[in-house]
Each structure stands twice: as structure tokens, then as C-alpha cells.
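# A closer look at the structure
Okay, here's what each chain looks like letter by letter:
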Amino acid sequence: MTCFAQHFESRLNRAFQWDLWAAAWILLDGASDDVFDAFRCWLISQGREVFEGAAHDADSLADTLPEFDEELDGDAEDLGYAADEAYERLTGLELSEADLPDPPGDPLGQPLDLEDEEALAERLPRLWQRFRAP
């Protein structure tokens, strides 16, 4: 049985990328594991065009985000629970972890030192220029 939770988890897993973590770090001025999880939920909530563009090229967020307020944007942690809750309400059953795609062990792509501002600016130049450059 395919359900929203499975689709959501597959997108969440697809967004588990070094470049998207770097984008979160730039946009939020830092991003721990938990913050990056919430950022990926937020990214999914931005719709197909923004999500697919960013999943293909994280630097595209410089062009597709009309604005970004790190106090208001970048966190949709509650969305991560919505699929499970909807499934439980519809079926009366708890969604088993076995029914969901396995998460990747490590972020996808080329590793990056997220605390290295030069590396961030080099990896995502448009995003850095728009949101972090002085």
C-alpha cells in the first residue's frame, strides 16, 4: 500500500544531501541535524517546483525563493508528523517503520565542512551571494 507517508519519506530521504544541508546552513546561519530535518520538511512544503529544483541543484534556491526570513521560514518539523497522524486517523492503525523507505546512512553527494564559509560560498555561490555576502 502506497500512502502519503511513504511519498513524504522518500522525498525527505532524497533531500538528505550535503548541498541541501549547506543551503540550510546558509539560509539559517547554521543547521544542526535536527534543524536540517525540519528544513527538509519545509523544503518539501514549498511545492514541487522549488523542491525538485533544489534537489537537483541546491544553488537554485537563490532564484526560486522570493524571500527568506530565518525566524519564520525553514522549519516545518510538524509536517514530518502529519503523514503518520493522517494514516492513523484514516486507518486506526499505527504506520509501521517497515512500511517506509529506509533513510540513507549518510548525506548524499560530496561531503562538505559546513562551518567553512569559503567552502559554502564556493559550493553554492548564488545562494551565498544573495543571503550571506556582506
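Further up the page is the structure itself.
The following refers to the structure shown. Computed from a prediction, not measured in an experiment: that's the story for all the values here. (Residues numbered from 1 in each chain as written. Predicted model: local features only at pLDDT ≥ 70, side-chain atom pairs only at ≥ 80, totals over all residues. Heavy atoms only, no water.)

## Comments concerning the packing of helix α1 (residues 4-14) against helix α3 (residues 33-45)
Packing of α1 against α3 brings their axes to within 10 Å, and their N-to-C directions diverge by 120 degrees. The hand of the α1/α3 crossing is right-handed. Residues F8, R11, L12 and N13 of α1 lie in contact with α3, whose contacting residues are D37, R40, C41 and I44. Of the residues contributing to the contact of α1 with α3, the split by class is four nonpolar, one polar and three charged. (Axes fitted to C-alpha atoms, helices over the stretch in contact; angles between N-to-C directions. Helix = DSSP H or I, 4+ residues; strand = E, 2+ residues; numbered from the N terminus. Left-handed = near helix turned anticlockwise from the far one by under 90°. Contact = heavy atoms within 4.5 Å. Nonpolar A, V, L, I, M, F, W, Y, C, P; charged D, E, K, R; others polar.)

## Observations concerning the nonpolar core
For soluble globular proteins, the rule of thumb is that nonpolar side chains tend to be buried together. Core analysis: the biggest nonpolar cluster contains 38 residues, and L20, L27, F39, L43, L61 and L127 have the highest contact counts within it. For this core, the secondary-structure elements that each account for two or more residues are α1, α2 (18-28), α3, α4 (48-56), α5 (61-64), α7 (117-123) and α8 (125-131). If one sorts the elements of this core by residue count, α2 sits on top with nine residues. L61 has contacts with L20, A23, L27, F39, L43, V50, A54, L127 and R130, leaving out every residue within four places of it along the chain. Counting residues in hydrophobic clusters, the runner-up holds five residues, among them A5, A83, Y87 and L95. (Core = buried A, V, L, I, M, F, W, Y, C linked by side-chain atoms within 4.5 Å. Buried < 20%, exposed > 50% of the residue type's maximum accessible area, 1.4 Å probe, protein only.)

## Considering the pattern of salt bridges
For the structure shown, the criterion picks out seven salt bridges. A salt bridge links D59 to R126, with the nearest nitrogen and oxygen atoms 3.6 Å apart. Of this pair, D59 sits in the loop between α4 and α5 while R126 sits in helix α8, and the two are 67 residues apart along the sequence. You can call R126 partly exposed: its relative accessible area is 37%. (Salt bridge = Lys/Arg side-chain N within 4 Å of Asp/Glu carboxyl O.)

## Here's the deal with α2
Residues three or four positions apart in an α-helix share a direction because the helix packs 3.6 residues into each turn. In terms of residue burial, α2 counts as a mostly covered element, since nine of its eleven residues are buried. Looking at the buried side of α2, the elements it contacts are α3, α4, α5, α7 and α8.

## So, the side chain of S60
Within the secondary structure layout, S60 lies in the loop between α4 and α5. Residue S60 is classed as buried on the basis of its relative accessible area of 11%. The residues touching S60, leaving out its near neighbours within four places in the chain, are G53, A54 and R126.

## Structural notes on the packing of α1 against helix α6 (residues 79-91)
Running from N to C, α1 and α6 point in directions that differ by 155 degrees, and their axes come no closer than 8 Å. As judged from the angle between their axes, α1 and α6 are roughly antiparallel. Considering the relative orientation of α1 and α6, their crossing is left-handed. Counted together, F4, A5 and F8 of α1 and L79, G80, A83 and D84 of α6 form the full contact between these two elements. (Parallel < 35°, antiparallel > 145°, perpendicular 65-115°, else oblique.)

## A closer look at a negative patch on the surface
There is a patch of like negative charges on the surface, built from D33, D34, D75, E77, D78, E85, E88 and E94. For the negative patch, the secondary structure elements donating two or more residues are α3 and α6. (Patch = residues over 30% accessible without salt bridge, like charges linked within 9 Å, V, L, I, M, F, W, Y side chains within 5 Å. Areas by Shrake-Rupley, 256 points an atom, 1.4 Å probe, with all protein chains shown as cover. Lys, Arg positive; Asp, Glu negative; His and termini not counted. Charge placed at Lys NZ, Arg CZ, Asp CG, Glu CD.)

Everything listed here is a matter of coordinates, which is why it stays silent on function.
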